[in-house]
Amino acid sequence: MIRRGFYTLGVILSLSASTPALADPTGTYNVAGINPDDGGEYHGTVTVKRTGETYSVTWTIAGTEANGVGIGGKRGNTETTGVASVDDDMITIGYGNESGFGISQYDLQPDGSWKGRWAYADGEKVSTETWSPTGAARSLERPKTPTNEAMKPMSSPAARP
């Protein structure tokens with residue numbers, strides 16, 4: 001009887017240790033990112049809602065809102081993008097505000113956060129951003145210096161997501 005209890009506990013622990021974070025990017029997150037123009041950090045919040053086949057995304061950073069529309073994606077042997085789904089572990093977003101527009105792409109991390117890269121129109125750099133579930137620690141990753149300087153940066157940092 002005791003042996004069976006230890007076996008059952010072992011199975012439960014092995015299953016929980018190998019289970020990845022749940023997918024589905026919907027929710028409200030704390031945002032931490034790097035401004036590509038000056039390398040400064042920014043913080044705020046982002047809310048992701050499923051709206052039919054797409055995601056509605058709203059960032060609030062330094063009192064400025066940026067709104068976006070996203071499509072979902074799944075990693076695996078073959079990556080797929082398309083209709084928003086509870087199984088998504090990637091999200092790609094086009095966003096904008098009164099200062100401009102840009103693109104971003106995020107991947108689900110094992111700890112439940114979403115890490116991504118983003119750039120804005122007329123920008124010449126790609127930067128990073130992390131979405132942490134509300135109450136979790138913030139994490140920043142500095143981007144590598146781009147090798148292509150072909151595009152002129154946008155003057156207003158408010159166009160960031």
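What counts as what
Residues numbered from 1 in each chain as written. Predicted model: local features only at pLDDT ≥ 70, side-chain atom pairs only at ≥ 80, totals over all residues. Heavy atoms only, no water. Helix = DSSP H or I, 4+ residues; strand = E, 2+ residues; numbered from the N terminus. Buried < 20%, exposed > 50% of the residue type's maximum accessible area, 1.4 Å probe, protein only. Polar contact = N/O pair within 3.5 Å; in protein donor to acceptor, adjacent residues only side chain to side chain. Salt bridge = Lys/Arg side-chain N within 4 Å of Asp/Glu carboxyl O.

Engineer: Lay out the environment of Trp118 with the relevant residues and their values.
Structural biologist: With respect to the element layout, Trp118 can be found in strand β8 (residues 114-120). Look at Trp118 and you get buried, because its relative accessible area is 1%. Note: C-alpha distance between Trp118 and Ile34 (84 residues apart in sequence) is 9.9 Å. One polar contact links Trp118 to Tyr42, side chain to side chain, over a distance of 3.1 Å.

Engineer: Pulling in residues and values, what's your account of unusual backbone geometry?
Structural biologist: The backbone of Ala62 sits at a positive phi, close to 50 degrees, despite the residue not being glycine. With respect to the secondary-structure elements, Ala62 resides in the loop between β3 (54-61) and β4 (64-74). Even without a glycine there, the phi angle at Asp122 is positive, about 65 degrees. Within the secondary structure, Asp122 is located in the loop between β8 and β9 (127-133).

Engineer: Lay out the pattern of salt bridges in plain terms, naming residues and giving numbers.
Structural biologist: A complete count under the given rule lists three salt bridges for this structure. The closest approach of N and O atoms between Asp88 and Lys74, which form a salt bridge, is 3.1 Å. Here Lys74 lies in strand β4 and Asp88 lies in the loop between β5 (80-82) and β6 (90-97), a separation of 14 residues in the sequence. On the accessibility criterion, Lys74 (28% relative accessible area) is partly exposed. Between Asp89 and Arg75 there is a salt bridge, with the nearest N and O atoms lying 3.7 Å from each other.

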